[in-house]
Amino acid sequence: MSDNAKLEIKGNTYELPVITGTEGETAIDITTLRAKSGVITIDNGFMNTGSCKSAITFLDGEKGILRYRGYPIEQLAESSNFVETSYLLFNGELPTKAEHDAFYSKISSFSSLPSGVKNILNQFPATAHPMGVLSATISALSGFYPEYLTAEATEEIKNKSIAQLMAQVKIIMANFYRKTIGKDPVDSNPALGYSKDFLNMMFDKEIDDEVAHALDTLLILHADHEQNCSTSTVRVVGSSHANVFASISGGVDALWGQLHGGANQAVLEMLDEIKNDGGDYKKFINKAKDKDDSFRLMGFGHRVYKNFDPRAKIIKKACDVVLEKLNVQDPLLAIARGLEEEALKDEYFVQRNLYPNVDFYSGIIYKALGIPTNMFTAMFVLGRLPGWLSQWKELREDTTGKIARPRQIYVGENERNYKKISDR
Ligand code: ACO
């Protein structure tokens, strides 16, 4: 049997290579189709388009499988830590103890911000959305580290970029939060460990080990998710050989939207709205089902998970630990549980394979930790950074990589002659 696919267009047959991945995923390589036939493919929202070959994350949405570099997310969430998982994503293998410590030392060496970046941060009004602040300050970092502006992504640049961004993004986030509550920033103390250091910079108080561990788990769950909207944006920007700060800043912007990372903020706002409306979640389920109503159940549904989101299962458990440890009785949790239970047995959601996604419970944990609602999506950034940087590195190391430049089917006016304004 031929490994090629045959495509018949208007009586002509074209042979196209078929590519198979290590998990048996199959794709028709259409790269040469236009040159051979003059025809392009069109795929709204890239529902059926592979944009690259990648060895970082494997995801099977039907079976609810998520693996980083071959390791199941359940095992990493149970036994790894965020720094180790970041090393794994970026380098392809789990680190030895010495490699882990050297990596964390490198992250720790960026435990402050250039004073110019601090000045930029101080210029934002306290009401600014943290995602806009993050996007702007990450892009601004390029102004303070000119060595990154080279077209080449050297080993040194790649290794420095992950350590620097993992350290400085968490400082930017915590410093900006302190400003919004009228308090001075707290210095980074990497000796506390990655997640505890972040919480300490935010709240300036002793942080419980289990609580820091729960945050670390959440960051692991968010660390990569193959070619989603923001990761694809990082790759598209990076494909022009723009610097790494520009690429990551683009990822932040793409993540901001409600249909993507912004869903965690939207979930909390939705749960609040249901509570303030008297707590009748069934009414909101009906709104979500009503095609004349634009309301959607935030935190439900996913482009690729059509069975369940394995991250949502783990988060639900972490949520219980944090709420118990912090002794939080959150009425929103009861609403979330009721909403989930009701939706999971509702014909509309069952038929469309709509299940809670990673964002459904993460907001409740962030809220319990004292993180303000408008910072939830920025928390997602903190988790996703190693994934974006690993994808950016893979892109820059692919010697066959091309600038991302899709085509289109033009549906506008045909050629017509310009008329002077006096003749119109
Ligand atoms: N509430 C109600 N109906 C929904 C929902 C929802 N949350 N999600 C999908 N649907 C319905 C759609 O109306 C559509 O119905 P139809 O077939 O009768 O027209 C069907 O389910 C398929 O939905 P699409 O929008 O075509 O699915 P797509 O894969 O394009 O969208 C998305 C996925 C954007 C995540 C969508 O499910 C959604 O808007 N969810 C809410 C926002 C959200 O939680 N986003 C976070 C995703 S996770 C992440 O990015 C980290």
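Fair warning: this is a prediction, and the values are worked out from it, not measured in the lab.

A. Representation of the side chain of Ser239 in the model. Along the chain, Ser239 turns up in the loop between helix 10 (229-238) and helix 11 (244-255). A distance of 2.7 Å separates the side chain of Ser239 from the backbone oxygen of Val236, its partner in a polar contact. The contacts of Ser239, once residues within four sequence positions are left out, are Leu395, Lys402, Ile403 and Ala404.

B. Region of the structure containing the sheet that holds strand 1 (residues 4-9). The three strands are arranged 1-2-3 in an open sheet whose pairing can be described as antiparallel. The sheet terminates laterally at strand 1 and strand 3 (26-28), the two strands that pair on one side only. The average angle at which neighbouring strand axes cross in this sheet is 30°, direction not considered. Sheet analysis places strand 2 (residues 12-20) next to strand 3, joined by three bridges and oriented antiparallel.

C. Region of interest: empty space enclosed by the protein. Per the stated rule, a full pass over the model turns up four cavities of 30 Å³ or more. In this structure, the largest cavity occupies an estimated 50 Å³ of space. Lining the largest cavity we find Tyr148, Thr150, Ala151, Glu152, Ala153, Ile157, His241, Ala242, Asn243, Val244, Trp392 and Arg396.

D. Focus on the nonpolar core. One finds Phe198, Leu271 and Ile371 to be the most contacted residues of the largest nonpolar core, which totals 113 residues. Here this core takes 13 residues from helix 7 (residues 155-180), the largest share from any one element. When residues of this core are sorted by domain, at least three fall in each of domain 2 (71-256 + 377-397) and domain 3 (263-369).

E. Representation of the pattern of salt bridges within the structure. Under the definition given, this model contains 20 salt bridges. Here Asp293 ties to Lys287 by a salt bridge, and the two come within 3.2 Å at their closest N and O atoms. In this structure, Glu413 and Arg416 form a salt bridge, with 4.0 Å as the shortest nitrogen-oxygen distance. Salt bridges sharing partners connect three or more residues here, namely Glu155, Lys158 and Glu397.

F. Quick look at the site of the ligand. Of all residues adjacent to the ligand, which total 21 residues, the nearest are His260, Arg296, Leu297, Gly299 and Phe300. Interatomic distance of 3.0 Å between a side-chain N/O atom of Lys291 and an oxygen atom of the ligand. Contacts to the ligand include Arg303, whose side-chain N or O atom sits 2.9 Å from an oxygen atom. Here the shell around the ligand is built from residues that sort into nine nonpolar, six polar and six charged.

G. Structural detail: unusual backbone geometry. Even without being a glycine, Lys10 presents a positive backbone phi close to 45°. Among the secondary structure elements, Lys10 is positioned in the loop between strand 1 and strand 2. Phi is positive for Asp204, which is not a glycine, with a value near 55°. Within the secondary structure layout, Asp204 lies in the loop between helix 8 (194-203) and helix 9 (209-222). Assessed through its relative accessible area of 48%, Asp204 is described here as partly exposed.

H. Structural detail: the pairing of strand 4 (residues 57-60). Side chains of strand 4 alternate between two faces, with Thr57 and Leu59 and Phe58 and Asp60 buried alike. As defined by bridge partners, strand 4 adjoins strand 5 (residues 65-68) across four bridges and the pair is classed as antiparallel. Each residue of the ladder has a partner; that of Thr57, found in strand 5, is Tyr68. Connecting strand 4 to the antiparallel partner strand 5 that follows it, the hairpin turn spans four residues, and Gly64 within it adopts a positive phi of roughly 70°.

Quick notes on the rules
Residues numbered from 1 in each chain as written. Predicted model: local features only at pLDDT ≥ 70, side-chain atom pairs only at ≥ 80, totals over all residues. Heavy atoms only, no water. Helix = DSSP H or I, 4+ residues; strand = E, 2+ residues; numbered from the N terminus. Polar contact = N/O pair within 3.5 Å; in protein donor to acceptor, adjacent residues only side chain to side chain. Contact = heavy atoms within 4.5 Å. Pairing = 2+ DSSP bridges. Axes fitted to C-alpha atoms, helices over the stretch in contact; angles between N-to-C directions. 1 Å grid on protein atoms, 1.4 Å probe; cavity = no way out; pocket = protein on both sides within 12 Å on 5 of 7 lines; lining within 4 Å. Points joined across faces, edges and corners; volume = space filled by probe spheres on them. Core = buried A, V, L, I, M, F, W, Y, C linked by side-chain atoms within 4.5 Å. Buried < 20%, exposed > 50% of the residue type's maximum accessible area, 1.4 Å probe, protein only. Domains from an automatic or database assignment. Salt bridge = Lys/Arg side-chain N within 4 Å of Asp/Glu carboxyl O. Near = heavy atom within 4 Å. Nonpolar A, V, L, I, M, F, W, Y, C, P; charged D, E, K, R; others polar.

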